[in-house]
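Analysis of the macromolecular model
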Amino acid sequence: MAHGQFSLYYLDTYGGRHASAQTHYQIVNDANTEITRGVTGANGETAQFPNTSATNQTFKIKVLNPVLARYEDPVIRVEDQTISQLHIDVLGSNAAGAITGKVALLSFQRAMFVNAATNKPIAGASFKAFMVDDKGKRVRARDAKSGQLIEGKTDAKGLTERIWCTDSVSFEFTYPGTRALIKTGYLEPFVQGGTSTHHNVPFKTISANTAPDANHTVPLAGVTSAPVVVNPQTQELLVVPRKDFEDFEKFSGQFDAVLRTKHQAQADLGKALESRDADAVAAAEKALGLAEDKVKETLNKNFKKLTDIREVYTFETTTSGKLDGKPKTTLRRRYINEGHYLKLKNNRLNREQFSIKLTVKDIDGTTKKQYEGKGHTAIDASNNLQKNNAAAKAKADKEEAAKNTDEAKKAAAKKSADAARKEAYYADKPGKAPPPRTPLGAGAVDRNLLTKSMSNILGELKTKGLDKNAYGTLDLPGFGGQLADSIEYSESFDTDYSAQWLRLVGAAGAQSQMDWRKGAVGISGNLQGKVVACEGSYAMHYAVPSRAGWLMTCGGQDMGAIRVYLELTLYGFAGAKVAMEGSATLKFIPGVGPSLEGKPRDKGPNYTSMVKTAWKDKNKPIKLPSFEADGENTAMPDGTGVKASVDAFAGAEVGITPKGSLQWLPPEKKDFISFADVAFDFALSAGAGAKANFHMYYAHGKFRFKMAAGLTWGVGAKGALDFAVNLDQMAEMVKWLAMQLQHVGFKQLVFIEKEAFQALSQVLVMLIGEQTPLGQALAKSAEEIDQNFNAMLKAIDRSDARKKMLDGIMRNPHWLVNATPETRGMLLYQMTRHWAYDHAGDTPAVKREGTGYLPNIHFLDRRKQAILKILTPVQLAKEWENVFQHMTAKGTKIAKGDAGHNEGDVLRLLNNGLNLSDDLQKAFTNTNAGKNAANKEMDNPYLTKFFEMKARLKGKFPKGYKVAMNDTPAFNISGEKTSPSFALAEIKDTNTVT
């Protein structure tokens, strides 16, 4: 059944994209009949709705007008008129990937001017609206539809008209009959379909009393403190005037919006690929290109050189306006250029006192070195700090023991609270361990000195009359604690320019979290409360091409889903450019391994063209983006002439080393499993598989995969990346390879080197037969494996090696279930070779199996059981034939006609004994004539089971089902049809975008 959903959002003036959350909507079909209604989630998406009709349907969305209590057509951007409706055909989608229609609503502004004391509307008040332009200047705002300046008078209800505006605006109201001017802060726009329809702007008045109470206070809601800006690098604290701060906040917020939009566009492209909607992919890819262009334009315009960047943290105190309302401190991270920072600094209110002390101390509490105004990192602390740790810890323990009981309890409680807080902070950050917390460890912030320096600033402000009586709340020492907490939660106290640049472009300023592994994509413009202040690195997680993966094909056959999982810990400018450009050049650095360097996105290859090719047949159930494993790829790059088009801070750069794994989706599984990791130890020679999109080879003791960069990093990337199969991944890799052989009907897989395939088949024989430790077997070249295998063959007739092989087969290891035809053939060959000492080790078995008077006596009975174990996992008639074609000592393929002699050897071994079948020649005749089903009631259960399995063989592998033993009911359940879940991962919907 086809499904669909709408994604509602609005764009601000600068291209920033915002989800339209909590929008009340109604979905109707082309007959205007309601299908469903609801409220969008935090990511602006409606619930999925099905096309239950037997014909194609067109759906559109309506939004609630809360004033009129009815659903109406939304007001949308003119350029989006054509995509405001969703066309869902009967075969166009399935539950794993709904088609999503994206609708850009126009946002609006409206304000109500009221008397704060009586809450009565103020009619006839003149108003104007202002915004901040891209140069940071406060300018008049215009209506998005009419283009006219926003101005007018409030109506009888004190309301302005509804203004279509894509950005935050600041209103200026003039009280009727006076010159009293009321300015608001920058107010966020409203989205259609919400329950809130206007901002309340109170005109605050004071009521006189003939007998006033000196202790009576009237709380005022909103911002009640002077805004504070802290620069950790220069260690300066600025208390800035409200007007300057509002302009700064608006201007710096534009950087967040621009970068956040780019990261959101990347997430949207991934969701489009998962939805299997070619039009959505095209739109998402176009949006990503525009977002990347905007990022480059914004950064290159505002940051001409490295020292232009300024990373600052802002503090404000707000209150709810209730008598018992407690003040709340808001901490934000922002980025501006040097010019804007100097403007704030020049206009600061604390003229004399503005330095704060962030002191790096030794663990024993003595001041090691003070960094004031230099922005050094914790690494700058003396290396002697590490040497003194043991002695300092002993001293600290001794002092702790000397404290009285009450002090010890307080310290323990505080330590426990700190530990719980830190544990909660890192709970949603897998792989990150909280940094060790010490009273005054290396790189720690001295809270006492920080609080003291902030108290000095507060003292200066009080002498100017700027104290908390004037601002309501101005508790700078309290702010110091928040700043200290933030820095202590960081992995490093790194404030140099390159670290600031990395946090800016890595979306750390917006606290963006693109972690699909949690099934969530979280975006928050300004994180309230604690933020990580000064980390120097930024980790990003990608699934290429999306969480749903690629559909791998070979020779026109679909071979299941595969994807690349990349984890990039970004550092330096090169890593930042990789994150922004969305593409890369892959190079191999001796002694380091693969390295990524940022490069402009290639305008040629794109996902849109790939998915249109892959999805041209609408009747095919699987429509993932696909690639041909043995297809042609562009030439390997020479690593020169690559210039990222984000030009800011051109200069010395370092590469970035990717971490990641190659993953596949096993049959009847819901999530991907890794079977190879990015290789750091070996560079593929230029000739081997240089033009293959996907290539398997064997080198330096490991099976390896070479993949085109476009498949491992994203369309447009150049080069290739190597993956190596580690010991703990061998079993999964063998399963994957066995499944690929099943998919193509056991034809030759052209993307696998002959030497690699032969080495794998031989390793499995030795592993099963000799119980050779896998590490020893693999720590050789393919040539050495072949030599060891030949040595084993020479010795096998002169020792008990064949018995060890038999014992290994009887254990029915997982290696045997997924063995190649070559491995099965070599094992069968050894099981049909026998000498006198073989019979001594496998004594005859006497069994009552038939209706005859004499019992059946089986010679080499364990061998017969082993032969059936080798053949039971065989699924296809082609595979069965392939096994006997490779039934030689070294697995060498023989002519098809000679394979019949090998099968005869197996039948003769199965009938080796006394009182067994007398119809073996008849069975040969039936087999040669293709009448396997006629070979029944052979008076030998081994022969009967052999022919029953052969008669059940399938002509085509049922894709999407795991290998079922030929003699089990599960083998018949799968049939020959493709499973509905073939190549479909369970992708959880994301609804945490804010």
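Residues numbered from 1 in each chain as written. Predicted model: local features only at pLDDT ≥ 70, side-chain atom pairs only at ≥ 80, totals over all residues. Heavy atoms only, no water.

A few points about the overall build of the protein
Definition in use: Numbering of helices and strands runs from the N terminus, with a helix taken as a DSSP run of H or I at least four residues long and a strand as a DSSP run of E at least two residues long. Type-normalised accessible area, obtained with a 1.4 Å probe on protein chains alone, sets the label of each residue: buried when under 20%, exposed when over 50%, and partly exposed for intermediate values. Residue contacts are counted whenever heavy atoms from the two residues lie within 4.5 Å of one another. Residue exposure ignores everything except the shown protein chains as possible cover, and the areas themselves are Shrake-Rupley values with a 1.4 Å probe.
Within the protein one finds 27 helices and 39 strands. Among the 994 residues that make up the protein, the fraction classed as buried is 53%. Sequence separation of at least 24 residues holds for 70% of the intrachain contacts in the protein that already meet a minimum separation of 6. Within the structure as shown, the protein displays about 43900 Å² of accessible surface, and the carbon and sulfur contribution to it stands at 52%.

Some details on the pattern of salt bridges
As a reminder of what qualifies: Should a side-chain nitrogen of Lys or Arg be within 4 Å of a carboxyl oxygen of Asp or Glu, the pair is scored as a salt bridge.
Throughout the structure, instances matching the rule amount to 22 salt bridges. In this structure, Arg 140 and Glu 151 form a salt bridge, with 2.9 Å as the shortest nitrogen-oxygen distance. Pair noted here: Arg 140 is in strand E13 (residues 138-140) and Glu 151 is in strand E14 (residues 151-153), with a separation of eleven residues, a long-range link. Here Glu 881 and Lys 878 are joined by a salt bridge, their closest N and O atoms 3.8 Å apart. Of this pair, Glu 881 and Lys 878 both sit in helix H23 (residues 877-885), three residues apart, which is roughly one turn of that helix. Each of the salt bridges in this network shares a partner with another, and the network as a whole consists of Arg 138, Glu 172 and Lys 183.

Points about helix H14 (residues 730-743)
The cut-off we apply is this: What a helix is expected to span follows from its residue count: subtract one and scale by 1.5 Å.
A rise of 1.5 Å per residue sets the reference length of H14, with its 14 residues, at 20 Å; its end C-alpha atoms lie 20 Å apart and thus fit the reference within 8%. If you check which residues of H14 are buried, you get Met 730, Glu 732, Met 733, Val 734, Trp 736, Leu 737, Ala 738, Met 739, Gln 740, Leu 741, Gln 742 and His 743.

Thoughts on the packing of helix H18 (residues 801-810) against helix H20 (residues 821-831)
Selection criterion: Between the N-to-C directions of two axes lies an angle of 0 to 180 degrees, each axis being a line fitted to C-alpha atoms and, for a helix, fitted only over the stretch in contact. For classification, angles of less than 35 degrees are called roughly parallel, those exceeding 145 degrees roughly antiparallel, those between 65 and 115 degrees roughly perpendicular, and all remaining angles oblique. Definitions for this section: a left-handed crossing has its near helix turned counterclockwise from the far helix by less than a right angle. A right-handed crossing has that turn clockwise.
Where H18 contacts H20, the axes come no closer than 10 Å and their chain directions differ by 125°. Judged by the angle between their axes, H18 and H20 are oblique. Along this stretch, H18 crosses H20, giving a crossing that reads as left-handed. Residues Arg 802, Met 805, Leu 806 and Ile 809 of H18 form the contact with H20, whose participating residues are Leu 827, Gln 830 and Met 831.

So, the pairing of strand E6 (residues 57-65)
Note the cut-off: When DSSP finds two or more bridges between a pair of strands, those strands are recorded as paired.
For E6, the buried fraction is high: eight of the nine residues fall into the buried class. Inspection of the sheet shows strand E3 (residues 24-29) paired to E6 by five bridges, in the antiparallel sense. Opposite Gln 26, over in E6, you have Lys 62 as the bridge partner. Bridging between E6 and strand E7 (residues 70-72) involves three bridges; their strand directions are antiparallel. Looking at E7, one finds that Asn 65 is bridged to Arg 70. Connecting E6 to the next strand, E7, in antiparallel fashion are four residues, including Ala 69 with a positive phi near 55°.

With respect to the sheet that holds strand E37 (residues 845-847)
The three strands are arranged E37-E38-E39 in an open sheet whose pairing can be described as antiparallel. The sheet is open, and its two edges are formed by E37 and strand E39 (913-914), each paired on a single side. Across two bridges, strand E38 (residues 856-858) lies against E39 in antiparallel orientation. Across the sheet, residue His 858 finds its bridge partner in E39, namely Gly 913.

Observations regarding the packing of aromatic side chains
We apply this condition: The rule is short: rings of Phe, Tyr and Trp, with Trp giving its six-membered ring, pair when the centres are within 6.5 Å, and they are stacked under 30 degrees, edge-to-face over 60, tilted in between.
Counted according to the given criterion, the structure contains 25 aromatic pairs. For the ring pair Trp 550 and Tyr 607, a centre distance of 6.1 Å and an interplane angle of 40° mean the geometry is tilted. Highlighted residues: Trp 550 in strand E27 (residues 550-554) and Tyr 607 in helix H12 (residues 607-614), separated in sequence by 57 residues. With a relative accessible area of 0%, Trp 550 lands in the buried category. Assessed through its relative accessible area of 5%, Tyr 607 is described here as buried. Ring centres 6.2 Å apart and planes at 55° place the aromatic pair Phe 627 and Phe 694 in the tilted group. With a gap of 67 residues between them, Phe 627 in strand E31 (residues 626-628) and Phe 694 in strand E34 (residues 694-699) connect regions that are remote in the sequence. Overall, Phe 627 belongs to the buried group, its relative accessible area being 4%. Using a relative accessible area of 0% as the deciding quantity, one classes Phe 694 as buried. Here the aromatic cluster, defined as three or more aromatic residues joined through ring pairs, consists of Trp 550, Tyr 607, Phe 627, Phe 675, Phe 694, Phe 705, Trp 736 and Phe 751.

Describing the nonpolar core
Defined as follows: By nonpolar core is meant a set of buried Ala, Val, Leu, Ile, Met, Phe, Trp, Tyr and Cys residues that side-chain atoms within 4.5 Å join together.
Membership of the largest hydrophobic core comes to 141 residues, with the highest contact counts inside it found for Phe 694 and Phe 705. Here this core gets ten residues from one element, more than from any other, and that element is helix H15 (residues 754-770). The residues touching Phe 694, leaving out its near neighbours within four places in the chain, are Met 552, Ile 562, Phe 627, Ala 629, Leu 662, Phe 705, Lys 706, Met 707, Trp 736 and Phe 751. Ranked by size, the runner-up nonpolar core spans 22 residues in total, among them Val 228, Phe 315, Ile 457 and Ala 484.

Observations concerning the side chain of Thr 261
Examined against the element boundaries, Thr 261 turns out to sit in helix H1 (residues 242-275). Apart from residues no more than four positions distant in its own chain, Thr 261 is found in contact with Gly 15, Gly 16, Arg 17 and Ala 291.

Here we look at unusual backbone geometry
The omega angle of the peptide bond from Val 544 to Pro 545 is 0°, so this bond is cis rather than trans. With respect to the secondary-structure elements, Pro 545 resides in the loop between strand E26 (538-544) and E27. Although it is not a glycine, Leu 860 adopts a positive phi angle of roughly 55°. Along the chain, Leu 860 falls in the loop between E38 and helix H22 (861-871). Leu 860 gets classed as buried once you look at its relative accessible area, which sits at 0%.

Here we look at H23
Taken as a whole, H23 has its buried residues at Glu 879, Trp 880, Asn 882, Val 883, Phe 884 and Gln 885. Those residues of H23 that are buried are in contact with H14, H20, H22, helix H24 (896-910) and helix H26 (941-952).

As for the pairing of strand E1 (residues 3-11)
Among the nine residues in E1, nine count as buried, and that is most of the element. By the alternation rule, side chains of E1 split into His 3, Gln 5, Ser 7, Tyr 9 and Leu 11 and Gly 4, Phe 6, Leu 8 and Tyr 10, which are all buried. Here E1 runs beside strand E9 (residues 99-104); their pairing, made up of six bridges, is parallel. Bridge pairing links Ser 7 to Lys 102 in E9. Two strands pair when backbone bridges link them, and E1 and strand E2 (residues 17-19) are joined in this way by three bridges, in the antiparallel orientation. Its bridge partner lying in E2, Tyr 10 is registered against His 18.

Brief notes about the confidence of the model for the protein
Put simply, the rule reads: A residue's pLDDT is the predictor's confidence in that residue, given on a scale from 0 to 100.
Here the protein averages 74 in pLDDT, and 71% of its residues register 70 or above. By mean pLDDT, helix H4 (residues 384-387) is the weakest element of the protein at 33, and E14 is the strongest at 92. This model gives residues 361-394 a pLDDT under 50, and the stretch forms 52 contacts once residues within four places in sequence are excluded. A low-confidence stretch, residues 990-994 (pLDDT under 50), is modelled with 23 contacts involving residues beyond four sequence positions or located in other chains.

A few points about the packing of H24 against helix H25 (residues 920-928)
The condition that has to hold: In this classification, Asp, Glu, Lys and Arg are treated as charged, Ala, Val, Leu, Ile, Met, Phe, Trp, Tyr, Cys and Pro as nonpolar, and every other residue, Gly included, as polar.
Contact pair H24 / H25: the axes reach a minimum separation of 11 Å and the direction vectors enclose 150°. One finds that H24 runs roughly antiparallel with respect to H25. When you trace H24 past H25, the crossing you get is right-handed. Along its contact with H24, which presents Glu 903, Gly 904, Leu 907 and Arg 908, the element H25 presents Leu 920, Phe 924 and Thr 927. In the contact of H24 with H25, the residues fall into three nonpolar, two polar and two charged.

Describing the environment of Asp 838
One can find Asp 838 in helix H21 (residues 836-841). As a C-alpha pair, Asp 838 and Leu 860 span 22 residues in sequence and 8.0 Å in three-dimensional space. Those residues in contact with Asp 838 that lie beyond four places of it in its chain are Arg 802, Arg 833, Leu 860 and Arg 863.

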